[in-house]
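# Residue-level structure breakdown
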Amino acid sequence: MRLRIVTPLSVVVDEDAVAALRAEDASGGFGILPRHAEFLTSLVISVVSWKTQKGERRYCAVRRGVLSVTGGQAIDIATRDYVTVARLRGE
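Calculation notes
Residues numbered from 1 in each chain as written. Predicted model: local features only at pLDDT ≥ 70, side-chain atom pairs only at ≥ 80, totals over all residues. Heavy atoms only, no water. Helix = DSSP H or I, 4+ residues; strand = E, 2+ residues; numbered from the N terminus. Buried < 20%, exposed > 50% of the residue type's maximum accessible area, 1.4 Å probe, protein only. Contact = heavy atoms within 4.5 Å. Pairing = 2+ DSSP bridges. Core = buried A, V, L, I, M, F, W, Y, C linked by side-chain atoms within 4.5 Å. Salt bridge = Lys/Arg side-chain N within 4 Å of Asp/Glu carboxyl O.

## Observations concerning the overall build of the protein
Scanning the protein from N- to C-terminus turns up zero helices and 10 strands. Traced from its N-terminal end to its C-terminal end, the protein shows the element sequence β-β-β-β-β-β-β-β-β-β. Taking the principal axes of the C-alpha coordinates as reference, the protein spans close to 30 × 30 × 25 Å. In the protein, which comprises 91 residues, the proportion classed as buried is 34%. Here the analysis covers contacts within the protein between residues at least 6 apart in sequence; of these, 48% occur between residues at least 24 apart.

The structure is reproduced here in structure tokens:
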């Protein structure tokens with residue numbers, strides 16, 4: 001899958017080889033896998049995490065935002081504020 005995280009001023013993440021993604025909206029945490037149904041939700045302040053096809057874990061903290069899944073292969077997140085994180089504590 002392709003993941004893009006964007007702000008009004010820049011493209012924060014643009015990655016093609018995403019195997020799975022975890023995020024959080026008002027109803028709780030959820031996961032996205034390849035061929036996921038069309039989806040649109042509003043994210044809460046949280047950490048978005050994803051796993052690459054090589055098995056690497058990556059993270060980006062967002063201060064709210066909108067996540068959409070299109071065609072089961074494209075995940076787009078629009079947010080105003082973000083912080084990329086190399087790893088989480090305890091990992």
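The rest of the description comes next.
## Some thoughts on the pairing of strand S8 (residues 65-70)
As judged from the five bridges shared by strand S5 (residues 39-43) and S8, these two strands associate in the antiparallel manner. Residue pairing for S8: Leu43 is matched across the bridge by Gly65. Sheet analysis places S8 next to strand S9 (residues 74-78), joined by five bridges and oriented antiparallel. In the sheet register, Leu67 faces S9, and the bridge partner there is Ile77.

## What to know about the nonpolar core
Generally speaking, soluble globular proteins have nonpolar side chains that are buried together. Counting 19 residues, the largest nonpolar core has Leu3, Leu21, Trp50 and Leu67 as the members making the most contacts within it. Elements supplying a minimum of two residues to this core: strand S1 (2-6), strand S2 (11-15), strand S3 (18-25), strand S4 (28-32), strand S6 (46-52), strand S7 (57-62), S8 and S9. Of all the elements, S3 adds the most residues to this core, at three residues. If near-sequence neighbours (up to four positions away) are discounted, Leu67 is found in contact with Leu21, Ala23, Phe30, Phe39, Leu40, Thr41, Leu43, Ile75, Asp76 and Ile77.

## Quick notes on the pattern of salt bridges
Counting across every chain of the model gives seven salt bridges. The partner of Asp76 in a salt bridge is Arg4, with the nearest N and O atoms 3.9 Å apart. In this pair, Asp76 is assigned in strand S9 and Arg4 in strand S1, connecting sequence segments 72 residues apart. The partly exposed category is assigned to Asp76, whose relative accessible area is 30%. Arg4 sits in the partly exposed class, given a relative accessible area of 27%. Of the charged contacts, one joins Glu15 and Arg58 as a salt bridge, the two residues approaching to 2.7 Å between their closest N and O atoms. One end of the pair, Glu15, is in strand S2; the other, Arg58, is in strand S7, and 43 residues separate them in sequence. Beyond isolated ion pairs, a larger network of salt bridges with shared partners links Arg2, Arg4, Asp14, Asp16 and Asp76.

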